[in-house]
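# Report on the structure
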Amino acid sequence: MASSSGNDDDLTIPRAAINKMIKETLPNVRVANDARELVVNCCTEFIHLISSEANEICNKSEKKTISPEHVIQALESLGFGSYISEVKEVLQECKTVALKRRKASSRLENLGIPEEELLRQQQELFAKDQFDNLDKHTQWGIDFLEKYAKFVKERIEIEQNYAKQLRNLVKKYCPKRSPKDEEPRFTSCIAFFNILNELNDYAGQREVVAEEMGHRVYGELMRYSHDLKTERKMHLQEGRKAQQYLDMCWKQMDNSKKKFERECREAEKAQQSYERLDNDTNATKADVEKAKQQLNLRTHMADENKNEYAAQLQNFNGEQHKHYYIVIPQIYKQLQEMDERRTIKLSECYKGFADSERKVIPIISKCLEGMILAAKSVDEHRDSQLVIDCFKSGFEPPGDFPFEDYSQNIYRTISDGTISTPKQEGMRIDSKTTVGKAKGKLWLFGKKPKGPALEDFSHLPPEQRRKKLQQRIDELNRELQKETDQKDALIKMKDVYEKNPQMGDPGSLQPKLTETMSNMDRLRMEIHKNEAWLSEVEGKVAARSDRRHSSDINHLVTQGRESPEGSYTDDANQEVRGPPQQHAHPNEFDDEFEDDDPLPAIGHCKAIYPFDGHNEGTLAMKEGEVLYIIEEDKGDGWTRARRHNGEEGYVPTSYIDVTLEKNSKANTWQLSLLEQEDVF
């Protein structure tokens, strides 16, 4: 019975509700406990009956939920139709009350949430909102950093393209490698090429700017951007983890709170059951004892859940305080420092961007100064002199045409006393021959004669012929020096082979040595031949200069006398001399000129070691003394030299440092400069 009574208590209407209904219905009537129990059992049975019938109606209509219509149909089918109107009124009242509850639930004060929970939710929303704002701001900072890096990259590309175009421009207008004869000699051309070189250096400085910006600004920005993204991601993850941990602590506290609340309700129910059985005179002692044990158990569990809830609440409050006063401020501070370092890095990059340009300004200024100096170096007089020297022919202007007196024959027939001597007749010059010879030398003023180039350059004007011969002699001397060096090397190698036969056969070098000696002999012959032609040209130029001086003195001649100026031909014997009483042969004049005029200097040398010069024909010299070179070493180890005072002699080739000049006339100037350097 006790067991069945315990199970029935779980299925009955709460007795407190029945007692309240009885008091409200019969306030002046006392109802016994048995009557109260009977009313409870009747109500329970009535509810079971209506519920069963409503369940069958619900199943028949293939519904899964019992609705108010199913209950009304059950009342009608069971014969309780008189209760339907009252049931509908109660149903309408319940719907009205439920609607009011839903409207009131929208108000904050009727939520039923504790003030602590509302405050926590408010702080959580505030923190989440601020965290999202910082997330957006830091992302904007990184985007701005990358935007500036893109700007620097485009500036670098502009500098690189500018430098490339400048170099292409310089390459386009720079002269290609050409022979020495075609090298630019005019100051305007040299200045332009210097400007191109300076412009090329300027282009190099633009490349330096691009390289400096790429290394110091763009590269640094990209590396820092990557580090910034990593650091930002780490801080945001720490913030999310801290928020998740706080949420977990709150859930644990909330679960313990709900469990404690549930256990308290169960304890209250156990207490009410125990009080009811204790007041019931019909209840057995076992039922009362069991209810008491149940009350003690529920009370103990409520106390345990209370302690658990208190511990979780204390832990949550501590974690919440740590979260909002330590963890989150620390993360916000790290994000702030990160954003400040980003701003500082941008400032440094702005400065580096300007410094990259400022570093090259001194060099660029030097390039511009070099261009200005190149412009100032242009010398119009020097350019004109170069043109004169380049096209100077060495020809003399044509002389005056002699007066040819055709009336002498008339005078001779009229009178035998005509002043005409055989000597004067011998002095008569054929006008056709004279004119023809005069025309032959007017290359600069007329048409240059056509014909193949001759070996001695006799087809050229004297001055140009002299330059060509001097250039050929210089080239032959260089070739001779190469052959001499090769001969010395072969001789040394042959000596090594003779001393060490295992290194090679000395006889194998003999053909090459013979060929080298033959080449040296051939080159010496060529040099001697060209030097003879050069002496001939220089002798004729000097003789012509003397004759021009004498012709200026005796410019006015008597009628019937020919001009002492002769026509220029390649053969000196065909020149027409002046007065007939002069029987000097042109070759004799050239020999006399060569004997009186010392040999021209072909270079200079500086004594490396002192030399006594006791032997006849040698020239003593001191260490560091500078001498003229008038004849190169012919292979015997001796070089002919001359002091500035005219003393000549031979010196050992191995004792001097020889420098050959292209133009022998410049030697005096070069030597004077060297002597000045020695003095200082």
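Located above this text is the structure these notes cover.
The present account deals with the structure reproduced in this document.

## Focus on the overall build of the protein
The number of helices and strands found in the protein is 17 helices and five strands. By residue count, 29% of the 680 residues in the protein fall in the buried class. In the protein, of all internal contacts separated by at least 6 residues, the share reaching a separation of at least 24 is 71%. Total accessible area on the protein is roughly 46,400 Å²; 54% of this is exposed by carbon and sulfur atoms.

## As for the environment of Ala149
Along the polypeptide, Ala149 turns up in helix H6 (residues 115-173). Exposure remark for Ala149: the relative accessible area of 2% places this residue in the buried category. Separated by 68 residues in the primary sequence, Ala149 and Val217 place their C-alpha atoms 7.9 Å from one another. The residues contacting Ala149, other than those within four sequence positions of it, are Tyr218, Leu221 and Met222.

## Some thoughts on the pairing of strand S2 (residues 626-631)
Across the six residues of S2, five count as buried, placing the element largely inside the fold. Bridge analysis of strand S1 (residues 603-607) against S2 gives four bridges, and the strand direction is antiparallel. By the bridge assignment, His604 is partnered in S2 with Tyr628. Pairing geometry for S2 and strand S3 (residues 638-642), over three bridges, is antiparallel. Paired with Ile629 across the strands is Ala641, a residue of S3. Between the antiparallel neighbours S2 and S3 lie six residues, among them Gly635 with a positive phi of about 110 degrees.

## Focus on the pattern of salt bridges
One pass over the structure, following the stated rule, counts 26 salt bridges. For Glu261, the salt bridge is made with Arg265, and the minimal N-O distance between the two is 3.3 Å. Of the two residues, Glu261 and Arg265 both sit in helix H7 (residues 187-279), four residues apart, roughly one turn of that helix. Arg298 serves as the salt-bridge partner of Glu263, at 3.7 Å between the closest nitrogen and oxygen. One end of the pair, Glu263, is in helix H7; the other, Arg298, is in helix H8 (residues 285-359), with 35 residues separating them in the sequence. Given a relative accessible area of 7%, Glu263 falls into the buried group. Beyond isolated ion pairs, a larger network of salt bridges with shared partners links Arg155, Glu159, Arg206 and Glu357.

## A few points about a nonpolar patch on the surface
Together, Phe46, Ile47 and Tyr83 make up a nonpolar patch on the protein surface, roughly 260 Å² of accessible area in all. By secondary structure assignment, the location of Tyr83 is in the loop between helix H4 (68-77) and helix H5 (84-104).

## Observations regarding the packing of helix H2 (residues 15-25) against helix H3 (residues 33-60)
Between H2 and H3, whose axes approach to 10 Å, the crossing angle comes to 110 degrees. Between H2 and H3, the crossing angle belongs to the class labelled roughly perpendicular. Handedness of the crossing formed by H2 with H3: right-handed. Of H3, the residues touching H2 (which contributes Arg15, Ile18, Asn19 and Ile22) are Arg36, Glu37, Val39, Val40 and Cys43. Along the lines of polarity and charge, the residues of the contact of H2 with H3 split into five nonpolar, one polar and three charged.

## Description of the packing of aromatic side chains
Aromatic ring pairs are reported here in terms of the distance separating the ring centres and the angle at which the planes meet. Evaluation of the coordinates by the stated rule reveals 12 aromatic pairs. Taking 5.7 Å as the distance between ring centres and 75 degrees as the angle between the ring planes, the aromatic pair formed by Tyr609 and Tyr655 counts as edge-to-face. Here the residue Tyr609 occupies a position in the loop between S1 and S2, and Tyr655 occupies one in the loop between strand S4 (648-652) and strand S5 (656-660), the gap between them amounting to 46 residues. Looking at Tyr609, the relative accessible area reads 47%, which means it is partly exposed. Between the aromatic rings of Phe611 and Tyr655, the centroid separation amounts to 6.0 Å while the plane-to-plane angle is 85 degrees, which identifies the pairing as edge-to-face. Placement of the pair is Phe611 in the loop between S1 and S2 and Tyr655 in the loop between S4 and S5, with a sequence separation of 44 residues. Given the relative accessible area of 17%, Phe611 is considered buried. Residue class for Tyr655 comes out partly exposed when judged on its relative accessible area of 30%. What links up through ring pairs into an aromatic cluster is the set Tyr148, Phe151, Tyr350 and Phe353. In this structure, Lys345 packs its charged tip against the face of Tyr224, placed 5.4 Å from the ring centre.

## Considerations on helix H10 (residues 380-391)
For H10, with 12 residues, the first-to-last C-alpha span of 17 Å sits near the 16 Å given by 1.5 Å per residue. You can read the cap of H10 off the contacts: a side-chain oxygen lies 3.2 Å from the backbone nitrogen of His381, and it is on Asp379.

## As for unusual backbone geometry
One non-glycine residue with positive phi stands out, namely Glu62, at about 60 degrees. Along the chain, Glu62 falls in the loop between H3 and H4. You can call Glu62 exposed: its relative accessible area is 72%.

The rules we used
- Residues numbered from 1 in each chain as written.
- Predicted model: local features only at pLDDT ≥ 70, side-chain atom pairs only at ≥ 80, totals over all residues.
- Heavy atoms only, no water.
- Helix = DSSP H or I, 4+ residues; strand = E, 2+ residues; numbered from the N terminus.
- Buried < 20%, exposed > 50% of the residue type's maximum accessible area, 1.4 Å probe, protein only.
- Contact = heavy atoms within 4.5 Å.
- Areas by Shrake-Rupley, 256 points an atom, 1.4 Å probe, with all protein chains shown as cover.
- Pairing = 2+ DSSP bridges.
- Salt bridge = Lys/Arg side-chain N within 4 Å of Asp/Glu carboxyl O.
- Patch = residues over 30% accessible without salt bridge, like charges linked within 9 Å, V, L, I, M, F, W, Y side chains within 5 Å.
- Axes fitted to C-alpha atoms, helices over the stretch in contact; angles between N-to-C directions.
- Parallel < 35°, antiparallel > 145°, perpendicular 65-115°, else oblique.
- Left-handed = near helix turned anticlockwise from the far one by under 90°.
- Nonpolar A, V, L, I, M, F, W, Y, C, P; charged D, E, K, R; others polar.
- Phe/Tyr/Trp six-rings, centres within 6.5 Å; stacked < 30°, edge-to-face > 60°.
- Lys NZ or Arg CZ within 6 Å of the ring centre and 35° of its normal.
- Expected span 1.5 Å × (residues − 1).
- Polar contact = N/O pair within 3.5 Å; in protein donor to acceptor, adjacent residues only side chain to side chain.

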